[in-house]
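Read off the chains here:
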Amino acid sequence: MGELLSYLSKNSPFYQKLFSLHQIDIQAIKTLEDITSIPTTSKEDLQQHNDDFLCVPSHKIIEYTSTSGTLGSPVTIALTENDLERLAINEYNSFLAADGSQNDIYQLMLTLDRQFMAGIAYYSGIRKLGAGIIRLGPGVPSLQWETIHRLRPTAIVAVPSFILKLIQYATGHGIDPNLSSVKKAICIGENIRNSDFTLNVLGKKIKEAWDIHLYSTYASTEMQTAFTECAEGCGGHYQPELMIVELLDENDNQVAPNAPGEVTITTLGVEGMPLLRYKTGDISMYFDEPCVCGRDTWRLSSVIGRKKQMIKFKGTTLYPQALFDLLNDMREVLDYIVEINTNEVGLDEVLFYLVPVDLSGETDYRIRGYLQAKLRVSPYIRYVTDEEMQKIQSSSMSRKALKLVDKRIKQEQD
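Nothing here was measured: the structure is a model prediction, and the numbers come from that model.

Student: For this particular structure, what's the right way to read the overall build of the protein?
Tutor: A count of helical and extended segments in the protein gives 12 helices and 21 strands. Over its C-alpha atoms the protein spans a radius of gyration of 22 Å, differing by no more than 12% from the 22 Å that the globule rule assigns to 414 residues. The C-alpha extent of the protein, read off along each of the three principal axes, is 70 × 60 × 40 Å. The burial tally for the protein puts 52% of its 414 residues in the buried class. The long-range share in the protein, meaning contacts at least 24 apart out of those at least 6 apart in sequence, stands at 65%. For the protein, the accessible area works out to roughly 19100 Å², and carbon and sulfur atoms hold 51% of it.

Student: So what exactly am I meant to see when it comes to the environment of Leu 375 here?
Tutor: Secondary-structure assignment places Leu 375 in helix α10 (residues 361-375). For the pair Leu 375 and Phe 116, spaced 259 residues apart in the sequence, the C-alpha separation amounts to 35 Å. In this structure Leu 375 touches Leu 318, Leu 323, Leu 326 and Phe 352, once residues within four positions along its chain are discounted.

Student: Whenever I open this one, the sheet that holds strand β19 (residues 348-356) confuses me. Can you help?
Tutor: Consider a sheet: its strands pair through backbone hydrogen bonds, and that pairing is either parallel or antiparallel. Here four strands make up an open sheet; going across it, the order is β20-β19-β18-β21 and the pairing mixed. The open sheet has two free edges, formed respectively by β20 (380-383) and β21 (404-406), since each of these has just one partner strand. The average angle at which neighbouring strand axes cross in this sheet is 20°, direction not considered. Both strand β18 (residues 333-342) and β21 contribute to a ladder of three bridges, which runs parallel. Across the sheet, residue Val 338 finds its bridge partner in β21, namely Leu 404. Strand contacts of α10: β18, β19 and β20, with the helix running at about 150° to β20, the strand carrying the most contacts.

Student: Please explain the environment of Leu 18 as it appears in this structure.
Tutor: On the secondary structure map, Leu 18 appears in helix α2 (residues 13-21). In this structure Leu 18 touches Ile 24, Ile 38 and Pro 39, once residues within four positions along its chain are discounted.

Student: Can you help me understand the packing of aromatic side chains in this one?
Tutor: Both the distance between ring centres and the angle between the ring planes are used here to describe each pair of aromatic rings. Using the criterion set out here, one finds 14 aromatic pairs in the structure. Geometrically, the ring pair formed by Phe 324 and Tyr 336 is tilted, given 5.9 Å between the ring centres and 35° between the ring planes. With Phe 324 in helix α9 (residues 320-328) and Tyr 336 in strand β18, this residue pair connects regions lying 12 residues apart in the sequence. Residue classification places Phe 324 among the buried residues on the basis of a relative accessible area of 14%. Of the residues examined, Tyr 336 reaches a relative accessible area of 5% and is grouped as buried. An aromatic cluster is present here, built from Tyr 218, Phe 227, Tyr 238, Tyr 286 and Trp 298 joined pairwise through their rings.

What counts, and where the lines are drawn
- Residues numbered from 1 in each chain as written.
- Predicted model: local features only at pLDDT ≥ 70, side-chain atom pairs only at ≥ 80, totals over all residues.
- Heavy atoms only, no water.
- Helix = DSSP H or I, 4+ residues; strand = E, 2+ residues; numbered from the N terminus.
- Rg over C-alpha atoms; globule rule 2.2 N^0.38 Å.
- Buried < 20%, exposed > 50% of the residue type's maximum accessible area, 1.4 Å probe, protein only.
- Contact = heavy atoms within 4.5 Å.
- Areas by Shrake-Rupley, 256 points an atom, 1.4 Å probe, with all protein chains shown as cover.
- Pairing = 2+ DSSP bridges.
- Axes fitted to C-alpha atoms, helices over the stretch in contact; angles between N-to-C directions.
- Phe/Tyr/Trp six-rings, centres within 6.5 Å; stacked < 30°, edge-to-face > 60°.

What follows is the structure, encoded as structure tokens:
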């Protein structure tokens with residue numbers, strides 16, 4: 001900790017100002033408990049003072065990555081050669097946790113361009129593992145299956161909702177996924193579990209059709225570190241040598257195990273843009289009992305929700321993930337986007353863009369009845385065709401599958 005604070009005080013314009021403003025004596029901070037005297041850092045700090053977080057001259061930067069911009073303007077995260085090696089070690093540890101070995105072949109169903117840190121992290125970690133890599137990229141289920149049949153990967157790295165699309169394609173084209181070479185999936189970007197470790201609707205749908213082992217992951221570009229499940233499926237394992245993690249309540253106090261708190265991280269070993277007590281905006285829980293797998297570091301649950309994405313809808317508090325689970329569970333719905341707006345009196349409104357199995361009155365009746373029963377309130381619904389949905393999704397520059405459009409954020413920024 002002392003090494004990090006000394007490094008920041010010498011090299012980080014942002015933290016130099018923060019230490020000065022709050023009269024922080026870094027020499028007085030000796031223990032992990034002492035860091036609570038340092039104010040937290042927010043996403044807004046990174047957005048507004050991005051360059052001030054850089055701790056190295058430009059000639060030492062090897063890779064420029066950026067956040068996805070889900071919660072506002074994208075943030076640039078610059079990495080040095082040492083940071084890239086640290087990133088590889090992080091994912092090497094993660095793939096080991098997920099029962100990876102040099103005998104595996106991983107088909108990467110994600111982008112390795114567009115400044116996507118995760119893509120290069122997975123690639124580097126698998127190389128360090130000594131396993132095989134198929135860099136196929138996202139989308140195109142037909143090509144994914146053709147490659148699976150031809151090159152016989154043992155594992156895939158993919159967004160869970162895309163795995164469902166692979167299953168749908170297979171069903172429509174006489175392919176039995178269970179006869180393929182793929183035995184496990186590293187699931188990125190979306191939850192497949194509830195906070196009690198049971199599979200959520202998305203996870204269940206995958207397992208019902210394709211009996212492969214699912215490993216959940218959680219990470220962000222800013223933290224440059226991942227939490228990855230082992231075979232027990234009881235939370236993502238913490239890597240204490242790479243990061244200090246706090247889970248904070250509304251008053252910035254550490255929560256107890258099994259209680260929700262905001263994931264707040266301090267990076268260790270990062271050279272280019274280290275972060276100190278950075279609040280990710282993600283709400284999760286931690287569990288400190290040893291895992292059956294033998295690891296004794298604590299584990300992180302799936303993300304319950306994002307602090308800024310909490311919805312107050314007609315008196316009911318909702319997180320987008322709960323809405324996603326409802327829609328994923330509906331056979332009448334083939335695809336969806338949830339849009340959140342602010343109405344004329346400043347309250348949240350929810351609009352569902354849905355691709356139904358058909359446009360019959362009976363289907364509409366079942367959809368509305370189900371949502372009313374589960375939510376106790378009625379969201380607005382707009383039915384669209386699959387082609388219209390693809391246009392909406394392709395209009396987004398996001399690297400992630402577009403499932404949520406939060407127009408409240410745009411209105412606040414304007």
